[in-house]
Amino acid sequence: MSLGITTHEFHVYVNVLQYFIIFTLILWYMYWQLSKRYVLKLAEKLPGPKGWPLIGNALEFRGSAHEIMKKLCRYLEIDSVVKLWIGPKLLIFLSDPKDVEIILSSYDHIDKSSEYDLFKPWLGNGLLISTGETWKSHRKLIYPTFHMNILKKFIVLFNTNSRETVEKLWKEVGKTFDCHDYMSEATVEMLLETAMGVNKKTQDRSGYEYAQAVMQMCDILHSRHMKIWLKPDWIFKLSSYGRIQKAMLNIIHSLTNKIIKSKMDTLDELSQSCKNASRSDTDVEEKRRVAFLDLLVEASQNGEHITRKEIREQVDTIMFEGHDTTAAAASFFLSLMAAHPDIQNRVIQELDEIFGNSDRSATFSDTLEMKYLERCLLETLRLYPPVPFIARHLNQPVKLVSGNYILPPGCTVVIATIKLHRREDIYANPNKYEPDNFLPERAANRNYYEFIPFSAGPRNCVGRKYAMLKLKVLLSTVMRNFYIRSHMTEKDFKLQGDIILKREEGFQVRLEPRKYTNLKQL
Ligand code: HEM
């Protein structure tokens with residue numbers, strides 16, 4: 001051995017070091033047990049699989065994203081309250097609507113859990129993550145920007161973009177392909193044009209690149225949640241994941257910065273136009289699409305409490321929340337249409353009754369007539385909620401009503417929407433795709449907290465109406481042009497919950513043109 005020590009001495013040092021580490025761990029574990037006495041006592045009473053000292057159940061969550069999801073869903077079968085220890089972290093999953101209501105309806109439990117911190121380099125302190133007064137004041141500012149009166153004006157843009165998606169889909173006719181790529185691109189483009197008010201003419205391929213970067217970011221965040229050694233920032237930054245994240249955030253933030261700059265320029269130009277008598281009113285109106293971003297920029301210019309950095313964080317949040325969730329919903333919907341041709345035929349029949357042989361665009365009142373399509377969409381969100389889990393940090397003990405349990409402060413409480421939506425006491429056939437579960441008379445008998453794809457309570461989704469309207473226009477346009485086919489059944493879906501629910505094998509479908517329509521020629 002070099003360095004002036006013999007091999008024997010080296011082995012002695014290594015042994016001493018090993019004992020030192022073991023001794024420190026035991027001491028830390030004893031201290032942790034003592035300081036967490038109250039939490040451990042309450043946790044002990046909760047149902048859940050037995051774990052190992054120190055690591056808890058962490059080792060059981062290995063393997064592919066689908067295997068992890070399968071394992072988790074098996075554990076959720078234990079009870080409507082299930083605890084898991086991931087190292088020193090206590091996660092408690094809830095799937096009884098009465099317990100879910102206690103958490104989601106209260107302003108006391110609006111803090112997001114530390115799992116959301118990994119989003120911070122991407123979304124900063126945007127609406128999804130922020131809390132307290134910042135969250136309250138920004139939510140108050142943002143919520144009205146998704147009012148139905150504003151959304152109705154987006155119909156034209158939803159139609160144009162849906163037709164463009166159909167145009168692109170024509171080249172896939174007859175092939176088996178992943179429809180998620182197209183749904184993802186379409187939802188980004190629509191968000192850019194509607195919520196951000198960025199005109200198509202000023203866009204380039206950045207929409208597609210953006211969607212790809214968001215998908216990679218979701219993969220990275222999922223890996224970080226699962227691979228415990230990637231949690232410390234310094235290790236993560238040195239890893240290949242850290243380097244990829246840097247590159248992806250560069251793409252994402254470049255686009256958001258570009259959008260904001262373009263919006264500020266347009267608003268400056270507009271105020272010039274208003275002063276300039278030679279410009280017509282319609283010219284000014286054309287440029288002035290009042291959308292989410294216009295209102296935020298105007299608010300900041302009018303001295304409201306939102307800085308330019310905060311605007312960027314909100315734009316990133318809306319672009320992420322509004323895009324990946326909707327793309328997943330659209331892709332599951334198309335996969336389910338392919339897997340249930342009888343249901344697909346009923347949707348087509350309804351569309352034919354509304355539109356006949358005409359290739360006109362969908363109007364807002366048409367979307368109100370799409371009652372069966374809407375039921376199919378809601379049933380899609382029931383069985384395959386794009387956000388399968390919602391997590392909160394508890395600051396105080398919470399008494400549940402489903403059983404004699406108290407959730408300890410400091411734990412992460414996870415609303416298991418995917419389990420809640422498949423309860424036998426709510427749905428006669430909980431795992432069957434049955435759009436009539438949403439017939440008005442059946443839905444009327446359900447409690448508000450029994451169906452929560454958009455969450456519920458004070459932190460519910462601000463984009464719910466936007467998403468439903470956009471999905472109706474997009475999916476009806478696709479189905480007026482194509483039959484959706486696939487050799488796969490629902491049993492073949494391999495679910496993975498990497499932040500947003502997806503299919504591990506991709507959303508493989510095949511398109512068959514419907515003979516009598518010719519929207520593609522427009
Ligand atoms: C099918 C589509 C969508 C689904 C299933 C969905 C679902 C959800 C869920 C479950 C939450 C709560 C998340 C949590 O507490 O962790 C949420 C929050 C949010 N969603 Fe959506 N969403 C969809 C579309 C949209 C769209 C289109 C937008 C915007 C254009 C949007 C913007 C937001 C925002 C900003 C929040 C955070 C609200 C807050 O914390 O105050 N979402 N969404």
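Cut-offs and rules
Residues numbered from 1 in each chain as written. Predicted model: local features only at pLDDT ≥ 70, side-chain atom pairs only at ≥ 80, totals over all residues. Heavy atoms only, no water. Helix = DSSP H or I, 4+ residues; strand = E, 2+ residues; numbered from the N terminus. Rg over C-alpha atoms; globule rule 2.2 N^0.38 Å. Buried < 20%, exposed > 50% of the residue type's maximum accessible area, 1.4 Å probe, protein only. Contact = heavy atoms within 4.5 Å. Areas by Shrake-Rupley, 256 points an atom, 1.4 Å probe, with all protein chains shown as cover. Lys, Arg positive; Asp, Glu negative; His and termini not counted. Charge placed at Lys NZ, Arg CZ, Asp CG, Glu CD. Core = buried A, V, L, I, M, F, W, Y, C linked by side-chain atoms within 4.5 Å. Pairing = 2+ DSSP bridges. Axes fitted to C-alpha atoms, helices over the stretch in contact; angles between N-to-C directions. Expected span 1.5 Å × (residues − 1). Donors = N, O, S within 2.8 Å, 3.2 Å for Na, K, Ca; no water. Phe/Tyr/Trp six-rings, centres within 6.5 Å; stacked < 30°, edge-to-face > 60°. Near = heavy atom within 4 Å. Polar contact = N/O pair within 3.5 Å; in protein donor to acceptor, adjacent residues only side chain to side chain. Nonpolar A, V, L, I, M, F, W, Y, C, P; charged D, E, K, R; others polar. Salt bridge = Lys/Arg side-chain N within 4 Å of Asp/Glu carboxyl O. Parallel < 35°, antiparallel > 145°, perpendicular 65-115°, else oblique. Left-handed = near helix turned anticlockwise from the far one by under 90°. UniProt positions renumbered as here; feature names shortened; annotations may be inferred. Patch = residues over 30% accessible without salt bridge, like charges linked within 9 Å, V, L, I, M, F, W, Y side chains within 5 Å.

A. Here's a closer look at the overall build of the chain. Counting its regular elements, the chain contains 21 helices and eleven strands. A compact globule built from 522 residues should have a C-alpha radius of gyration of about 24 Å, and the chain, at 25 Å, falls within 12% of that. Projected onto the principal axes, the alpha-carbon positions of the chain cover approximately 85 × 60 × 50 Å. Residues classed as buried in the chain amount to 53% of the 522 residues present. Of the contacts made within the chain by residues no fewer than 6 positions apart, 75% connect residues no fewer than 24 positions apart. A total of about 24,700 Å² of accessible surface is found on the chain, and carbon and sulfur atoms cover 56% of it. Counting 71 positive and 62 negative side-chain charges, the chain places the centres of these two groups 2 Å from one another.

B. Region of interest: the nonpolar core. Phe93, Trp122, Met196, Phe292 and Phe320 are the most contacted members of the largest nonpolar core, which totals 153 residues. Looking at this core, the element that brings in the most residues is helix 15 (residues 308-339), giving 15 residues.

C. Up close: the sheet that holds strand 1 (residues 81-86). On the basis of which strands lie adjacent, the open sheet formed by four strands has the order 1-2-7-4 and mixed pairing. One side of each edge strand has no neighbouring strand; the edge strands of this open sheet are strand 1 and strand 4 (389-393). In this sheet, neighbouring strand axes are inclined to one another by 25° on average, regardless of whether the strands run parallel or antiparallel. Packing of helix 4 (residues 97-104) onto the sheet brings it into contact with strand 1, strand 2 (89-94), strand 4 and strand 7 (412-416), and relative to strand 7 it is tilted by some 130°.

D. Quick peek at the environment of Ile354. If you trace the backbone, Ile354 turns up in helix 16 (residues 341-355). Residue classification places Ile354 among the buried positions, given a relative accessible area of 18%. In this structure, the C-alpha to C-alpha distance between Ile354 and Thr367, residues 13 residues apart in sequence, is 9.5 Å. Ignoring sequence-local partners within four residues, the contact set of Ile354 consists of Arg360, Asp366, Glu369 and Met370.

E. Region of interest: helix 15. With 32 residues, helix 15 should cover 46 Å at 1.5 Å per step; its first-to-last C-alpha distance of 46 Å lies within 8% of that length. With 27 of 32 residues buried, helix 15 lies mostly within the body of the structure.

F. Representation of the coordination of the iron atom of the ligand. From the protein, the iron atom of the ligand takes a single donor atom, Cys461 (SG), 2.3 Å away. With respect to the helices and strands, Cys461 occurs in the loop between helix 20 (440-444) and helix 21 (464-481).

G. Structural view of the packing of aromatic side chains. Overall, the coordinates contain 20 aromatic pairs when judged by the stated rule. With 6.3 Å between their ring centres and 35° between their planes, Tyr116 and Phe119 make a pair best called tilted. Considered together, Tyr116 and Phe119 belong to a single accessibility category, that of buried residues. One aromatic cluster in this structure is built from Phe146, Phe154, Phe158, Phe292 and Tyr466.

H. Molecular detail of the site of the ligand. Near the ligand there are 28 residues, and of these Tyr116, Trp135, Arg139, Arg459 and Cys461 occur at the shortest range. One nitrogen or oxygen atom from the side chain of Glu321 is found 3.2 Å from a nitrogen atom belonging to the ligand. Within the side chain of Arg392, an N or O atom sits 3.2 Å from an oxygen atom of the ligand. Secondary structure elements with two or more residues in the shell around the ligand: helix 6 (132-142), helix 15, strand 4 and helix 21. When its residues are assigned to classes, the shell around the ligand shows 17 nonpolar, six polar and five charged.

I. How the structure looks around the pattern of salt bridges. Following the criterion strictly, the structure yields 19 salt bridges and no others. For the salt bridge of Asp352 with Arg514, the shortest nitrogen-to-oxygen distance reads 2.9 Å. One end of the pair, Asp352, is in helix 16; the other, Arg514, is in the segment after strand 11 (508-513), and 162 residues separate them in sequence. Since its relative accessible area comes to 28%, Asp352 is described here as partly exposed. Within this structure, Asp96, Lys98, Arg423 and Asp425 form a network of salt bridges that share partners.

J. How the structure looks around the packing of helix 18 (residues 371-383) against helix 21. Axis separation between helix 18 and helix 21 bottoms out at 11 Å; the angle between their running directions is 115°. Taken together, helix 18 and helix 21 sit at an angle that is classed as roughly perpendicular. Our pair here, helix 18 against helix 21, has a crossing hand that is right-handed. Across the interface between the two elements, Leu373, Glu374, Leu377, Leu378 and Leu381 from helix 18 touch Met468, Leu471, Lys472, Leu475 and Ser476 from helix 21.

K. Fine view of the UniProt feature "transmembrane region" (unreviewed entry) in the chain. On the UniProt side, "transmembrane region" (unreviewed entry) is annotated at positions that read residues 12-32 here. Split by type, residues 12-32 is 100% helix and 0% strand. Its first and last C-alpha atoms lie 30 Å apart.

L. Just the pairing of strand 11, in detail. As defined by bridge partners, strand 3 (residues 176-178) adjoins strand 11 across three bridges and the pair is classed as antiparallel. Counted as the bridge partner of Phe177 is Val509 from strand 11. As defined by bridge partners, strand 8 (residues 482-485) adjoins strand 11 across four bridges and the pair is classed as antiparallel. Opposite Arg485, over in strand 11, you have Arg510 as the bridge partner.

M. Broad picture of the environment of Asn481. Following the sequence through the fold, Asn481 ends up in helix 21. What makes Asn481 buried here is its relative accessible area of 1%. Distance in space between the C-alpha atoms of Asn481 and Asn250 is 37 Å, their sequence separation being 231 residues.

N. Structural detail: a nonpolar patch on the surface. A surface patch of nonpolar side chains, amounting to about 1,100 Å² of accessible area, comprises Leu17, Phe20, Ile21, Leu25, Trp28, Tyr31, Trp52, Leu54, Ile55 and Leu59. Since its relative accessible area comes to 36%, Leu54 is described here as partly exposed.

O. Structural detail: the pairing of strand 10 (residues 500-503). Where burial is concerned, the two faces of strand 10 agree: the one with Ile500 and Lys502 and the one with Leu501 and Arg503 are both buried. Where strand 9 (residues 495-498) and strand 10 come together, four bridges link them in antiparallel fashion. Within strand 10, the residue paired with Leu495 across the bridge is Arg503. Remark: one residue form the turn of the hairpin made by strand 9 and strand 10, two consecutive strands paired antiparallel; Ile499 in that turn has positive phi of roughly 75°.

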